[in-house]
Structures are given as structure tokens and as C-alpha cells.
Amino acid sequence: MVKTDGTPVTVAELRQERRQGRWIVAAVIGVFLACAGAVLGAAVWMVDDVSSDLVDKEMTCCWEEGATPAWLSEQMGIRIPGSATDRRAGYKVGERYDSALLAFVMPSKAADAYTEQFVEEGTEMIGNHHPEEKDYRPAAAFGRLGLAEPETIVRGMRMTGLCRGDVDTPEGRHVQRCVDLFVHEFAPGTTRIYFRSTIEPSLTPPPASPGG
């Protein structure tokens, strides 16, 4: 090979040109990868942002203000004992199914006697051996009631589920719908009881009272 002025190209010059060519190619590839990474990062951020917005809307949407503990107790067929305190309830309207939440606190001995009536003969409640992560948020979350999700609690947690006709006890015979039951002794001698039920969208809670 010769240069434009007719002088021969040396081996050293050829190697230098090749090295420069490689650097140019590498630079072009680097710029391309950087741009692709930026586009991908922006796309991921947008997807995460949209997903986060959808979760927020799902968490806050469609809760009925008039769903009192007394009303839900009647609809679910869950009789709240007179000794129960800190009664909380929530009713969420969904596209296919509604969700009902009911929770209250009782002395642990009374809570044990009460919840035993929701357990089939020959069986017992199980511990939460496979807890959900702390940020777990089901579609109908007890977080709406200011409570931790029972599925995330391990210590002092027991749980079971039943449907109408499963348990032949006074409380079991009163159950009108399938429910998940969680029992959590969150302090020595004090237990919180949680009920969650999925309901066909056929109920209309009463209007919220002026006092909340």
C-alpha cells in the first residue's frame, strides 16, 4: 500500500490505523449501548410508575363508607361477641367479586373459645409457616383498616377457612359465606380476630352515618 504522495505505508502506520479503527468502532458501539440502556431504563421506569399507580388506585378505590361492623357481621354470618372491642370493617366493590373485611379484639381465652367454633371437628388451625413479604398487599387489604396484613404475621398467628355448612356448632351454623379466619395473639392475653370473605356483587351497604 502507498500513501497519496506515493510513499509506501509502513507496518507501524498500518497497525496504528487499525487500532484507531477499532477505537472508533468501540466508541460507536459504546454510544449505541448507552442509548439503548437509557431507553430501556426509561421504559422500565415508566412501566414501574404505571404499575405503582395501578396498585395505588386498586388499594384506595371502591371502598363503601357505610359498611359498619354490625352490617358486615350480619352479611357474613359472623356474630361478634359482646366482649369484642376495636371493631373494624371494610367492604370493597370489585368488577367480578366484592370483598368484606371484619376484625375485632378479644381477651385471648375468650377468643380461643370463640374461634374453636369455626374449626371442623378433628382439625385445628395452622400456623403461618409460609408468610408473605412485609409489603404484601392483597386487593382487599386490612391496611385499609389500619392493620397489618395477617398473611405477613408469623408469631402468634393461626389461621383456617370455612364455608357455610362446614362446621356444626352454633357459630359455624350461623356462617353465611366462605371466610378466611386469622387469629393473632399480638400481646400476651390479647388477640385480634380477622375475617375476610369474597362476595358476589349483590350487596349494597347502608349510607355512611353523619358521625362516620
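In what follows, the structure referred to is the one given above.
The structure displayed is predicted, hence computed values, not measured ones.

> Describe the overall build of the chain, naming the residues involved and giving the relevant values.
A tally of regular secondary structure across the chain gives 4 helices and 6 strands. When the helices and strands of the chain are placed in sequence order, the string is α-α-β-β-α-β-β-α-β-β. Counting every position in the chain, which comprises 212 residues, the buried fraction comes to 34%. Considering only intrachain contacts with a sequence separation of at least 6, the fraction spanning at least 24 residues in the chain is 62%. Working note: accessible area of the chain is about 13,400 Å², and carbon and sulfur atoms make up 57% of it.

> How would you summarise unusual backbone geometry if you had to cite specific residues and measurements?
In this structure, Cys 62 takes a positive phi of about 75° despite not being glycine. By the secondary structure assignment, Cys 62 is in the loop between α1 (11–60) and α2 (69–76). Using a relative accessible area of 35% as the deciding quantity, one classes Cys 62 as partly exposed. Even without being a glycine, Asp 86 presents a positive backbone phi close to 50°. Classification of Asp 86 by relative accessible area gives partly exposed; the value is 34%.

> How would you sum up the sheet that holds strand β1 (residues 85–92)? Please name residues and give values.
Two modes of strand pairing occur in sheets, parallel and antiparallel, and in both the strands are linked by backbone hydrogen bonds. Spatially, the 6 strands line up as an open sheet ordered β1-β2-β6-β5-β4-β3, and their pairing is antiparallel. Both edges of this open sheet fall to β1 and β3 (126–127), since each of them pairs with a single strand only. Of the pairings in the sheet, the one linking β3 to strand β4 (residues 157–162) comprises 2 bridges and is antiparallel in character. When the bridges of β4 are listed, Gly 127 appears paired with Arg 158. Relative to β1, α2 is tilted by about 65°, and along the sheet it contacts β1, β2 (98–107), β5 (179–187) and β6 (190–199). Each of β2, β4, β5 and β6 is contacted by helix α3 (residues 108–115), which is oriented at about 135° to β2, the strand it contacts most.

Conventions used here
- Residues numbered from 1 in each chain as written.
- Predicted model: local features only at pLDDT ≥ 70, side-chain atom pairs only at ≥ 80, totals over all residues.
- Heavy atoms only, no water.
- Helix = DSSP H or I, 4+ residues; strand = E, 2+ residues; numbered from the N terminus.
- Buried < 20%, exposed > 50% of the residue type's maximum accessible area, 1.4 Å probe, protein only.
- Contact = heavy atoms within 4.5 Å.
- Areas by Shrake-Rupley, 256 points an atom, 1.4 Å probe, with all protein chains shown as cover.
- Pairing = 2+ DSSP bridges.
- Axes fitted to C-alpha atoms, helices over the stretch in contact; angles between N-to-C directions.

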